[in-house]
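# Overview (structure and organization)
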Amino acid sequence: TTTDQRSWIVSDSFSLIASDITQQQQNLLPADKRQRVRLAKRATSSLLPKHPRKEMPMESIIKDINLAPAGQLKIDWVRAHMPILNEIEKNTAKKTIAGKKIVICLHLEAKTAYMALVIQAGGAEVAVAGSNPLSTQDDIVAALVQNGITAFAKHGATQEEYDLYIEKLAEFEPDLFIDDGGDFTAMLHRDHPALVQKILGGCEETTTGIIRLKAME
């Protein structure tokens, strides 16, 4: 089985090994691309935790950790074009959400990935799942895991896999959540009523999700 055909279950220890693989891959790039990678890593260094990483309570389920460098380049690009998140990032040193667990169930692409990293930089433990398997970008997900975020997402996941991934978000026992379309919110109320009582708040991104929430009243 080739690496591209594998589905990795990625732990923190594997992420550390993958960092060496990434360096080896970087050395094989042409000189101009090596320079781009170095600049990109330098640009995003402020997003990395300034304290020793805590052991993540759960393992990620993703396509392939080796896709992380490509995903990181995409995240670096959008970071240069999102001024509002840039301003929020400047205030993350205050650690206003330190110790909180926050889960995100959104389309997993570069813009939402940057948001997740900003939330992490504010001191939160973050877990993500894709709200639509067809929009999930596997390289972006790999980059998030490489940066210490727990992820449950693969492009083209089956319905059974998708249900498992949002269930994993519930197992993360979040204090706060961001949802898109209402699947995670509905699952929480249906299957985890006790957990709902402990959650401080949630955010729904879409009109579709709001309609679903109103139907639950």
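Computed from a predicted structure; not experimentally measured.

## With respect to the pairing of strand β4 (residues 125-130)
- Among the six residues in β4, six count as buried, and that is most of the element.
- Of the two faces of β4, both are covered, the one formed by E125, A127 and A129 as well as the one formed by V126, V128 and G130.
- For the crossover from strand β3 (residues 101-106) across helix α5 (residues 110-121) to β4, the handedness is right-handed.
- Pairing geometry for β4 and strand β5 (residues 150-152), over three bridges, is parallel. Looking at the pairing, A129 lines up with F152 of β5.
- In this fold, β4 hands off to helix α6 (residues 138-146), which returns the chain to β5; that crossover is right-handed.

## Structural notes on unusual backbone geometry
- Despite not being glycine, K95 shows a phi value in the positive range, around 50°.
- Its place among the elements puts K95 in the loop between α4 (83-90) and β3.
- Look at K95 and you get partly exposed, because its relative accessible area is 31%.

## Here's the deal with α5
- For α5, with 12 residues, the first-to-last C-alpha span of 16 Å sits near the 16 Å given by 1.5 Å per residue.
- In terms of burial, α5 is a largely internal element, 10 of the 12 residues being buried.
- Along α5, the positions that sit buried rather than exposed are A110, T112, A113, Y114, A116, L117, V118, I119, Q120 and A121.
- In this structure, the buried side of α5 is in contact with α3 (68-79), α4, β3, β4, α6 and β6 (176-179).
- A positive phi of about 105° marks G123, the residue just after α5.

Criteria and cut-off values
- Residues numbered from 1 in each chain as written.
- Predicted model: local features only at pLDDT ≥ 70, side-chain atom pairs only at ≥ 80, totals over all residues.
- Heavy atoms only, no water.
- Buried < 20%, exposed > 50% of the residue type's maximum accessible area, 1.4 Å probe, protein only.
- Helix = DSSP H or I, 4+ residues; strand = E, 2+ residues; numbered from the N terminus.
- Right-handed = clockwise from strand over helix to strand, strands pointing away.
- Pairing = 2+ DSSP bridges.
- Expected span 1.5 Å × (residues − 1).
- Contact = heavy atoms within 4.5 Å.

Purely geometric stuff here, so don't read any function into it on its own.
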